[in-house]
Amino acid sequence: MTDAYIRSKNKMRKMKILLLLFLFPATGFTQKTVTAASIIASVNKNEAVNLSGVQVTGDLDFTRLDNMKAESKNGSDNVYISAVNSTISFNNCSFTGKVLGYFNPDIGKPFSKNSNSVYNANFTAEVSFENCSFEKEVAFKYSVFNAKTSFAGSKFNNDAIFKYTNFEQGPKFTGSVFKHTAEYKYVDFPAGFDFSNAVFESGADFKYAKFTNAGSFANAKFTNGSDFKYAAFSSSVNLKGASFTGSNDFKYTTLDDQTTTISELVDN
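> How do you make sense of a negative patch on the surface when you look at a structure like this?
Together, D256, D257, E264 and D267 make up a negatively charged patch on the protein surface. Considering the arrangement of structural elements, one finds D267 in helix α3 (residues 262–267).

This is how it looks when you write it as structure tokens:
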């Protein structure tokens, strides 16, 4: 063999090694994907969902389960309820689609004489979405959570709707980041709720919410306004280190049944 041929072979060998070194790390860090449909199939079988480090594709819609039942009309609405009876646990997962415990297909449609249809999901077992990332809307309006519920450390990159949500135990939103609107209107928070170190970057709506049991907003940051109009606090709620910038509405907000201010709440 000539020296030129040997040099050529060595060069090709080095290129193959470099290519393998490049490809293997990329393969190792590729996130496993799981379809939302497969998760719902497990829920329909009352199987526990326990996933970590996966990407969930498609809309994760808990409102159309096999056990869905029609409830009596709520005003002009036809209400359908699904029950999630198995434990739901996601850790360090990302969701490319919506995550829904509430769905109204008539929202945005022109007014008609027909009744609206509202679909809800209630959760009888523990629910955990910890250190997760949500790319689209998360909606649990009117949902009931009967057991421990945690969204600690999660990032909401779109609207987070928890209006009228019923938490039987204090929910954990510790360290959560809300990039868009966070809505908790009319929620009566049980003891142990935790928004400590949470960051609200695009408005937080807690109008008419009740915080009359022990809980925490310690070191929470409201960087683009908040609405706590008519909200009720007790002195057992910790707001030490919480910061409020932008336009904030604390009109008619109370502390132990007495009208209060932001500074009084933070210094309490």
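> Help me understand the sheet that holds strand β23 (residues 199–200), please; the structure alone is not making it clear to me.
Backbone hydrogen bonds are what pair the strands of a sheet, in a parallel or an antiparallel way. Spatially, nine strands are ordered β1-β3-β8-β13-β17-β20-β23-β27-β31 in an open sheet, and the strand pairing comes out parallel. Looking at strand neighbours, the two that pair on one side only are β1 (32–35) and β31 (243–244), the edges of this open sheet. Where strand β8 (residues 94–95) meets strand β13 (residues 133–134), two bridges bridge the pair, whose relative direction is parallel. Residue pairing for β13: F95 is matched across the bridge by F134. Across the sheet, helix α2 (residues 36–44) is in contact with β1 and β3 (54–57); its angle to β1 comes to roughly 55°.

> What exactly am I supposed to notice about the state of the cysteines here?
A covalent bond between the sulfur atoms of two cysteines is what we call a disulfide. Tallying each qualifying case throughout the model produces zero disulfides. Residue C93 stays outside any disulfide, its sulfur separated by 4.8 Å from that of C132, the closest cysteine. In this structure C93 comes out as buried when scored by relative accessible area, which is 2%. We classify C132 as buried; its relative accessible area is 3%.

Procedures and definitions
- Residues numbered from 1 in each chain as written.
- Predicted model: local features only at pLDDT ≥ 70, side-chain atom pairs only at ≥ 80, totals over all residues.
- Heavy atoms only, no water.
- Patch = residues over 30% accessible without salt bridge, like charges linked within 9 Å, V, L, I, M, F, W, Y side chains within 5 Å.
- Areas by Shrake-Rupley, 256 points an atom, 1.4 Å probe, with all protein chains shown as cover.
- Salt bridge = Lys/Arg side-chain N within 4 Å of Asp/Glu carboxyl O.
- Lys, Arg positive; Asp, Glu negative; His and termini not counted.
- Charge placed at Lys NZ, Arg CZ, Asp CG, Glu CD.
- Helix = DSSP H or I, 4+ residues; strand = E, 2+ residues; numbered from the N terminus.
- Pairing = 2+ DSSP bridges.
- Contact = heavy atoms within 4.5 Å.
- Axes fitted to C-alpha atoms, helices over the stretch in contact; angles between N-to-C directions.
- Disulfide = S-S within 2.5 Å.
- Buried < 20%, exposed > 50% of the residue type's maximum accessible area, 1.4 Å probe, protein only.

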